[in-house]
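The lines below spell out each chain.
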Amino acid sequence: VQGYYLLLQEKQEEMNNELKKLAFGLEKLEEAKNSSDQLNVMLEKNRIEVSGKQKESEELLIKIQQQEREADDKRKEVEQSTTEVQKEKSEIEELASEAEADLARAEPALIDAEERLAALSNKDIAEIKAYNTPLPEVGRVLSAILTLLNQETSWASAKKELAKPDFIKQLRDYPKDSIGPKLITRLEKFTQRADMEPGLVSSKSYAAGELWKWVIAMEKYAKAFRDIEPKKQKLNLLKDKLKSKEDKLIDLQSKLTELKQAISQLNEGLTKVTEETERYKEEAKDLQTDSDRAEKLVFGLASSKDSLSEKKKKKKKSTLR
């Protein structure tokens, strides 16, 4: 009897072990099923992420293409505006050069006349003042000077001006750019006379001849200055127009720079999204591989589930007996 009891105990222990194994197998089957379900949920979530990233990439690409078209149009505007600005700059430089050249042609005679004025001595001026009644040529020279000084053209007025210690300095500092058309016309009454040729005047009086050369040089400069006035006005208009176009060009360049920066940022965003999409795709591959393995495991275990459950029931019945 004792031997039978021990044998029974051994069989029960074996049965219990078998039941544990069957229970463990069923538990693992359930775990595998749950794991497979979780992998499928993760895989679906990953697919949604990939789809979202692909959509985001497409939207970014559309924006980049739009911005690039806009930038291309803006670039063409900048090129056209730059060409116009350069053309007008050249026109301004050419016109300014012409005006300067016209004025420069009158300057050598003016500089020479001013140097001659500086060379006149008090003795030379005193020679002219000494006249009670000046020679006609000398009188006309002083009348022309008084005309420039906006003084009465009388000999008494002339002697008064000649007596001033700064008379020569007054002539050298004369505001030559202020000689207008009316004053030029008044000067021509003296300068256009055939009997006022510089050599002839100098032959009558050295000092008067030097003063006369200064008057003629001032008239020549004033006429040159008058003749370039239309060019100066056109120059000012061109400069205003150029300023407007330069401001427009600066604005276009600024907008083009902003577009380039925006495109650069969009490209950076696209690169980032593309990298994230690839990462999600790689994760999806790994998840799919794990899911396929889990499904095979579940399928394999599921096929033996019924037999495992039946065995477990039989074992339990057997144990109860």
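It should be noted that the structure appears before, not after, this text.
All figures in this text were calculated on a predicted structure; none of them were measured in a lab. (Residues numbered from 1 in each chain as written. Predicted model: local features only at pLDDT ≥ 70, side-chain atom pairs only at ≥ 80, totals over all residues. Heavy atoms only, no water.)

Visitor: Mind showing me how you'd approach the side chain of Asp124 here?
Guide: The residue Asp124 is located in helix α3 (residues 122-129) in this model. Excluding residues that lie within four positions of it along the chain, Asp124 makes contacts with Ala119, Tyr206 and Ala207. (Helix = DSSP H or I, 4+ residues; strand = E, 2+ residues; numbered from the N terminus. Contact = heavy atoms within 4.5 Å.)

Visitor: How should I be thinking about the pattern of salt bridges in this particular structure?
Guide: Pairing between side chains of opposite charge can happen when the charged atoms of each approach one another. With the rule as written, the count across this model stands at 26 salt bridges. For Lys53, the salt bridge identified is with Glu276, shortest N-O distance 2.6 Å. Here Glu276 lies in helix α10 (residues 229-303) and Lys53 lies in helix α1 (residues 2-104), a separation of 223 residues in the sequence. The two residues Lys53 and Glu276 agree in class, both being buried. Notably, a salt bridge pairs Lys223 with Glu188, separated by 2.9 Å at the nearest N-O pair. One end of the pair, Lys223, is in helix α9 (residues 206-227); the other, Glu188, is in helix α7 (residues 181-191), and 35 residues separate them in sequence. Residue classification places Glu188 among the partly exposed positions, given a relative accessible area of 27%. (Salt bridge = Lys/Arg side-chain N within 4 Å of Asp/Glu carboxyl O. Buried < 20%, exposed > 50% of the residue type's maximum accessible area, 1.4 Å probe, protein only.)

Visitor: What is the right way to look at helix α5 (residues 155-162) in this model?
Guide: Because the α-helix completes a turn every 3.6 residues, residues three or four places apart line up on one side. Along α5, the residues classified as buried are Trp155, Ser157, Ala158, Glu161 and Leu162. An end-on view of α5 places all buried positions within 155° of arc, on one side of the element. Those residues of α5 that are exposed and angled more than 90 degrees off the buried face are Ala156 and Lys160. For α5, the secondary structure elements touched by its buried residues are α3, α4 (136-148) and α6 (167-172). (Arc of directions from axis to C-beta.)

Visitor: It is not clear to me how the side chain of Glu219 should be interpreted in this structure. Could you clarify?
Guide: When you line up the elements, Glu219 lands in helix α9. Contact partners of Glu219, with chain neighbours within four places excluded, come to Leu187, Glu188, Thr191 and Gln192.

Visitor: What am I meant to see in the nonpolar core here?
Guide: Generally speaking, soluble globular proteins have nonpolar side chains that are buried together. The biggest cluster of nonpolar side chains holds 44 residues, and the ones touching the most others in it are Ile128, Ile145, Leu211 and Trp214. The leading source of residues in this core is α9, at 12 residues. For Leu211, the residues in contact, after removing those within four places along its chain, are Leu117, Leu120, Ile128, Val141, Ile145, Phe167 and Leu171. Counting 14 residues, the second largest nonpolar core, distinct from the first, contains Val78, Ile92, Ala96 and Leu235. (Core = buried A, V, L, I, M, F, W, Y, C linked by side-chain atoms within 4.5 Å.)

Visitor: Before we go on, may I ask you to explain the packing of α7 against α9 in this structure?
Guide: Relative orientation and spacing of two packed helices are given, respectively, by the angle between their axes and the distance between those axes. Relative to each other, α7 and α9 sit at 140°, their axes nearing to 11 Å. Compared by their axis directions, α7 and α9 come out oblique. For the pair α7 and α9, the sense of crossing is left-handed. Residues Ile184, Leu187, Glu188, Phe190 and Thr191 of α7 pack against Trp212, Val215, Glu219, Ala222, Lys223 and Arg226 of α9. (Axes fitted to C-alpha atoms, helices over the stretch in contact; angles between N-to-C directions. Parallel < 35°, antiparallel > 145°, perpendicular 65-115°, else oblique. Left-handed = near helix turned anticlockwise from the far one by under 90°.)

Visitor: It is not clear to me how the packing of aromatic side chains should be interpreted in this structure. Could you clarify?
Guide: When we look at a pair of aromatic rings, we describe it by the centre distance and by the angle of the planes. By the definition in use, this model includes two aromatic pairs. Their ring planes at 90° and their centres at 6.2 Å tell us that Tyr174 and Trp214 sit as a pair that is edge-to-face. Of this pair, Tyr174 sits in the loop between α6 and α7 while Trp214 is found in helix α9, placing the two residues 40 residues apart along the sequence. We note that Tyr174, like Trp214, is buried. Taking the centre distance of 6.2 Å and the plane angle of 20° together, the rings of Tyr221 and Phe225 count as stacked. A residue pair is termed a helical-turn pair when its members lie 3 or 4 positions apart in one helix, as Tyr221 and Phe225 do in helix α9 at four residues. By relative accessible area, Tyr221 is classed as buried at 4%. Assessed through its relative accessible area of 14%, Phe225 is described here as buried. Between Lys176 and the ring centre of Tyr221, over which it is positioned, the NZ or CZ distance is 5.5 Å. A cation over a ring is seen here: Arg279 above Tyr280, with NZ or CZ 4.9 Å from the ring centre. (Phe/Tyr/Trp six-rings, centres within 6.5 Å; stacked < 30°, edge-to-face > 60°. Lys NZ or Arg CZ within 6 Å of the ring centre and 35° of its normal.)

Visitor: Just to check I follow, could you spell out α4 for this structure?
Guide: With 13 residues, α4 ought to run about 18 Å at 1.5 Å a step, and its terminal C-alpha atoms sit 18 Å apart, in line with that. Taking burial as the measure, the 13 residues of α4 include 12 buried ones, the bulk of the element. Turning to α4, its buried residues number three or more, namely Glu137, Val138, Gly139, Arg140, Val141, Leu142, Ser143, Ala144, Ile145, Leu146, Thr147 and Leu148. Looking at the buried residues of α4, the elements they touch are α3, α5, α6, α7, α8 (198-204) and α9. Once α4 ends, the next one or two residues include Asn150, with phi positive near 60°. (Expected span 1.5 Å × (residues − 1).)

Visitor: Is there a simple way to explain the environment of Glu88 in this structure?
Guide: In this structure, Glu88 sits in helix α1. Residue classification places Glu88 among the buried positions, given a relative accessible area of 7%. Excluding residues within four positions of it along the chain, Glu88 makes contact with Leu238, Lys241, Leu242 and Lys245. Within the local environment of Glu88, its side chain forms a polar contact with the side chain of Lys245, the two groups lying 2.9 Å apart. (Polar contact = N/O pair within 3.5 Å; in protein donor to acceptor, adjacent residues only side chain to side chain.)

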